[in-house]
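Analysis of the macromolecular model
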Amino acid sequence: MLNFKIYLQLVIVRVVLAIICGATATWLVQNDPRHYTRAYNRQVWSTLKFLTFVGWSTLIITGTQIILYVSNVWSLFITDTNAGGYFIAHTIYTCIYTIFWLAIAASLTDSLPTNCRLISQCSPTRAATVFSWFTLIVIGIETFFLLREVFFGTISAVDPILPTTNTKKKAPKKAAATAAPTPAATKGNPTAVAVPPLPHTDSRPTIQYIYVIVSTEEYDRMYRAYRAGVESVGNFLSQGLNEGNEQFRWHGTTRECRVGDPGNPSLCTSTSCSMCSIIRYSFDIERFGPRWGRFGKGIYTSAVSSKSNDYQKTLQATDWSSLLLNNVVIGNGYHIQSNSDTLLQPPSGYDSISGLPGQALNYEETVVYRNDAIRPAYLVIYLTPQ
């Protein structure tokens with residue numbers, strides 16, 4: 001699986017190198033062009049002009065991609081249905097520009113030794129050559145990662161999902177029962193517990209810790225009351241399901257700190273750290289903010305762990321990723337396949353939205369619209385496979 005954090009770092013390095021190359025080539029081309037035309041042979045002169053184009057176009061195209069990704073505008077037009085096509089298009093673009101940088105670096109290296117002694121500005125030309133090779137190395141590594149993902153990766157594979165409505169939650173409940181909550185845990189701090197091995201594919205993540213999150217009595221009471229109310233209407237226990245059709249669902253969010261990482265068991269004090277806020281106070285739909293939601297303003301979860309992994313982010317340097325595994329009262333879920341971004345609650349007679357793959361989605365999504373319909377149960381710390 002492609003490690004997007006490492007890949008993004010490589011892309012940023014490439015943009016910086018492209019700026020250096022483009023600026024140097026632009027200065028060489030524009031500074032007394034007649035002199036350089038006489039000094040350089042046609043091959044070097046043409047290569048410098050081409051380097052100017054490739055350097056600045058790399059900045060424009062790749063820089064725009066970085067800005068859209070970091071600002072979260074990306075999600076407005078890159079959806080589950082077209083993400084695969086975009087990935088292929090991006091791979092093709094990277095391959096083409098790898099060829100461009102190879103041609104530039106090879107051309108300058110081949111022609112410069114016989115011409116450099118004839119001009120006064122040889123050092124900037126040599127610098128452009130060296131940085132062209134550096135850029136080629138970086139984009140070459142990117143291209144290798146992308147092609148490996150295309151031919152041997154999992155860009156079209158569906159992660160095994162968690163138990164469906166017809167399967168009861170067994171292993172995590174058993175694990176929670178074996179852990180005696182500490183006084184700190186009742187205040188919202190996670191406590192480490194052992195769990196049985198989780199079934200997964202050969203590319204499964206390396207799990208470091210699984211923490212149980214023990215809520216306060218008040219938050220538990222409100223959640224249990226809501227679950228009981230949903231059960232009184234839907235009678236899910238009589239159908240062989242959990243009370244209120246309660247199920248496990250994944251949720252990925254932002255960590256400002258490294259809570260849960262090896263040697264970092266404590267919550268941070270930042271009010272803007274989404275992970276620690278959820279662990280302390282559970283979910284708050286008002287933190288949804290003014291952003292776009294496929295199914296409106298709600299609390300989004302998924303039965304597919306790799307989908308939730310796309311939304312998790314750690315702002316501090318770390319090799320570890322994190323996901324929350326949550327208890328969700330699904331109740332009577334309204335199944336939908338197309339976008340409905342104006343929703344503020346499920347349709348009358350339903351308790352949640354179940355987004356199904358097929359049209360707007362490639363992977364399942366479950367959305368609830370009440371804070372009391374969901375509680376974080378486990379914090380999972382893992383190493384994403386390369």
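Residues numbered from 1 in each chain as written. Predicted model: local features only at pLDDT ≥ 70, side-chain atom pairs only at ≥ 80, totals over all residues. Heavy atoms only, no water.

**Overview of the sheet that holds strand E8 (residues 333–336)**
Inclusion rule: DSSP bridges decide pairing: two strands pair if at least two such bridges lie between them. Where helices and strands are cited, they refer to DSSP runs of H or I of at least four residues and of E of at least two residues respectively, numbered from the N terminus. Axis lines are fitted to C-alpha atoms, over the contacting stretch for helices. Their N-to-C directions set the angle, which ranges from 0 to 180 degrees.
Strand order in the open sheet made by the four strands is E5-E10-E9-E8, with mixed pairing throughout. Edge positions in the open sheet fall to strand E5 (299–301) and E8, since each of these has one partner strand only. Strand after strand, the sheet turns through a mean of 25 degrees between neighbouring axes, direction not considered. For E5 and strand E10 (residues 365–368), the ladder comprises three bridges, and the chain directions are antiparallel. Bridging across to E10, Thr-301 finds its partner in Thr-366.

**Examining the side chain of Thr-318**
Definition in use: Whether a residue is buried, partly exposed or exposed follows from its accessible area with a 1.4 Å probe, protein chains only, as a fraction of its type maximum: under 20%, in between, or over 50%, in that order. Here a polar contact is recorded for every N or O atom pair within 3.5 Å, except that within protein the pair must consist of a potential hydrogen donor and a potential acceptor, and residues adjacent in sequence are included only if both atoms are side-chain atoms.
One can find Thr-318 in the loop between strand E6 (313–314) and strand E7 (321–329). Residue class for Thr-318 comes out buried when judged on its relative accessible area of 18%. Only 3.1 Å separates the side chain of Thr-318 from the backbone nitrogen of Trp-320, close enough to count as a polar contact.

**Side note on unusual backbone geometry**
Unusually for a residue other than glycine, Asn-235 sits at a positive phi of about 50 degrees. Checked against the element boundaries, Asn-235 lands in the loop between helix H8 (217–234) and strand E3 (246–251). Among the residues examined, Asn-235 registers a relative accessible area of 41% and is labelled partly exposed. Phi is positive for Ser-282, close to 70 degrees, though the residue is something other than glycine. Looking at where Ser-282 falls in the secondary structure, it is placed in the loop between helix H9 (274–281) and E5.

**Here we look at H8**
Put simply, the test is: An expected span of 1.5 Å times one less than the residue number is assigned to each helix. Each C-beta atom gives one direction from the helix axis, and the arc is the one those directions make. Note on definitions: a residue-residue contact is assigned when non-hydrogen atoms from the two residues lie within 4.5 Å.
Spanning 18 residues, H8 covers 25 Å between terminal C-alpha atoms, matching the ideal 26 Å at 1.5 Å per step. For H8, every residue scored as buried is listed here: Tyr-223, Tyr-226, Arg-227, Val-230 and Glu-231. Viewed along the axis of H8, the buried residues span an arc of 140 degrees, placing them on a single side of the element. In H8, the exposed positions angled more than 90 degrees off the buried face are occupied by Glu-217, Ser-232 and Val-233. Along its buried surface, H8 packs onto E3, E7 and strand E11 (374–383).

**Comments concerning the pattern of salt bridges**
Our working rule: Salt bridge, as applied in this entry: a Lys or Arg side-chain nitrogen positioned within 4 Å of an Asp or Glu carboxyl oxygen.
Applying the stated rule across the entire model yields eight salt bridges. Among the ionic pairs, Arg-227 bridges to Glu-243, the shortest N-O distance being 3.5 Å. A residue pair is termed long-range when its members are at least 10 positions apart, and Arg-227 in helix H8 and Glu-243 in the loop between H8 and E3 qualify at 16 residues. Since its relative accessible area comes to 14%, Arg-227 is described here as buried. Shared partners join several salt bridges into a network, and the residues in it are Arg-227, Glu-243 and Glu-246.

Shape is all these values report; function is a separate question.
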